[in-house]
Amino acid sequence: MALYVNSNISALNAQRQLMNSGNALDTSFKRLSSGLRINSAADDAAGLQISDRLESQIQGLGQGNRNANDGISLAQTAEGAMEEMTAMLQRVRTLSQQSANGSNTGEDRLAIQEEIRSLMGEINRVARDTTFGGQNLLDGSYAASFQVGADAVQTIGFSMRQVGGSAGDTLNSLTANGGFTLSGMAGIASAVVSNALTAILGAAGVSGLSAINSDITLADIAFSAASLQATAISVSTQQNAQLVMASIDSLIAVVDKKRAELGAVQNRFQATIRNQTNIAENLSGAKSRIKDADFAAETAMLTRNQILQQATTTILAQANQRPQSALSLLQG
């Protein structure tokens, strides 16, 4: 075997191996300290791109679920106010039924009417003043879409501008009628409840009311926004009480139909949240398999690299001693 002094190939090889084991040891330290297999693009360029794309979707789904919960809160606020409207309308109906009874005097009916007008005024106030984050919900102006998905235009929208029908349907529109005020609901009741009062009173409704007052005609069984204003509604006579009672049935139907729509959209938001939570869970698992470090494998690799580094250091020390044998030749 040739003996060289100027070039110690064994030492150079040991140095290279020591550098490689040192780099591998640095990688093991980095992965175990961060918990990530991919800490930079150099670790896995394609894996980094895929995992970042998954991370964008996961974060988008999380924000989408928060947006959907905001939509549920808004719908619950509107539906809660309308629930109170229903309760007040039910009370007005009960009072109208009481006033329609023949045992009451005119003074009794006037006393009943005071409570009815007070309740009607409160219904109008609730329609004007119910807000969510500064946005009025029941005045016929609210319509919005909620960004519930992780990507653009993945939205769910609902509107408080109409009851039933589709957007732009003027027969069901509350926008031009003052929202869920008494006059607003009265203005669309016929479209929502299908001929409102005549449907509620039945085929004999007109003649039935005519038996109380012969002056009542079919025209009287139509809705009049003015007659349902808080200051104009009257149960001062038995026949008026009958008309008010039938009118309130239609208004309750309008409110309850919109409440049903709000309930449906809340259920849709809930279904969206459940679905997207499941998707986010699966995406997180996929991202983890690409980007996260396997601690079992990495600790085994760390032990291997530490042993190799120690062994290589020992070999390098011995390789550095090999040229010393040249001195023994010179001394001999």
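We now turn to the structure provided with this report. (Residues numbered from 1 in each chain as written. Predicted model: local features only at pLDDT ≥ 70, side-chain atom pairs only at ≥ 80, totals over all residues. Heavy atoms only, no water.)

## Focus on the nonpolar core
Core analysis: the biggest nonpolar cluster contains 49 residues, and L138, F158, M160, F180 and F269 have the highest contact counts within it. For this core, the secondary-structure elements that each account for two or more residues are α2 (45-99), α3 (106-129), β4 (155-159), α4 (182-193) and α7 (238-291). The element contributing the most residues to this core is α2, with 12 residues. Leave out the neighbours within four places in its chain, and F158 touches G71, L74, A75, Y142, A143, A144, F146, L262, V265 and F269. (Core = buried A, V, L, I, M, F, W, Y, C linked by side-chain atoms within 4.5 Å. Buried < 20%, exposed > 50% of the residue type's maximum accessible area, 1.4 Å probe, protein only. Helix = DSSP H or I, 4+ residues; strand = E, 2+ residues; numbered from the N terminus. Contact = heavy atoms within 4.5 Å.)

## Structural notes on the packing of helix α1 (residues 9-34) against helix α8 (residues 295-321)
Angle between the axes and distance between the axes: these two values describe a pair of packed helices. Where α1 contacts α8, the axes come no closer than 8 Å and their chain directions differ by 155°. Classified by the angle their axes make, α1 and α8 are roughly antiparallel. Here α1 and α8 pass one another in a crossing that is left-handed. Across the contact of α1 with α8, the residue classes break down as 14 nonpolar, 13 polar and 2 charged. (Axes fitted to C-alpha atoms, helices over the stretch in contact; angles between N-to-C directions. Parallel < 35°, antiparallel > 145°, perpendicular 65-115°, else oblique. Left-handed = near helix turned anticlockwise from the far one by under 90°. Nonpolar A, V, L, I, M, F, W, Y, C, P; charged D, E, K, R; others polar.)

## What about unusual backbone geometry?
Positive phi outside glycine occurs at V153, with the angle close to 55°. Mapped onto the elements, V153 comes out in the loop between β3 (143-147) and β4.

## Side note on α1
For α1, spanning 26 residues, the distance from its first C-alpha to its last is 38 Å, which sits close to the expected 38 Å at 1.5 Å a residue. A11, A14, S21, G22, L25, S28, R31 and L32 are the residues of α1 that are buried. As for α1, its buried residues are in contact with α8. Just downstream of α1 lies G35, where phi reads positive at about 80°. (Expected span 1.5 Å × (residues − 1).)

## Section: the environment of A111
One can find A111 in helix α3. Separated by 125 residues in sequence, A111 and S236 have C-alpha atoms that sit 9.1 Å apart.

## Some thoughts on the side chain of N136
Relative to the helices and strands, N136 is located in strand β2 (residues 135-136). Within polar-contact distance, the side chain of N136 engages the backbone nitrogen of L138 at 3.1 Å. A polar contact is formed between the side chain of N136 and the backbone nitrogen of D139, at a distance of 3.2 Å. Sequence-distant contacts of N136, defined by excluding residues within four places in its chain, comprise A127, R128, D129, T130, T131, S141 and Y142. (Polar contact = N/O pair within 3.5 Å; in protein donor to acceptor, adjacent residues only side chain to side chain.)

## A look at the packing of aromatic side chains
As enumerated under the stated definition, the model contains 4 aromatic pairs in all. Ring centres of F146 and F158 lie 5.7 Å apart, and the angle between their planes is 10°; this geometry places the pair in the stacked category. Taken together, the positions of F146 in strand β3 and F158 in strand β4 put the pair 12 residues apart, joining distant regions of the chain. F158 matches F146 in its accessibility class, with the two residues each being buried. Plain terms: the ring middles of F146 and F269 are 5.5 Å apart, the flat faces sit at 80° to each other, and that makes the pair edge-to-face. Of this pair, F146 sits in strand β3 while F269 is found in helix α7, placing the two residues 123 residues apart along the sequence. There is no split in this pair, since F146 and F269 are both buried. Among the aromatic side chains, those forming a connected cluster through ring pairs are Y142, F146, F158 and F269. (Phe/Tyr/Trp six-rings, centres within 6.5 Å; stacked < 30°, edge-to-face > 60°.)

## Notes on the packing of α2 against α7
Two elements in contact, α2 and α7, have axes whose closest approach is 7 Å; the angle formed by their N-to-C orientations is 165°. One finds that α2 runs roughly antiparallel with respect to α7. Once α2 is placed against α7, the crossing between them reads as left-handed. By residue class, the composition of the contact of α2 with α7 is 28 nonpolar, 19 polar and 11 charged.

Nothing here speaks to function; it is all geometry.
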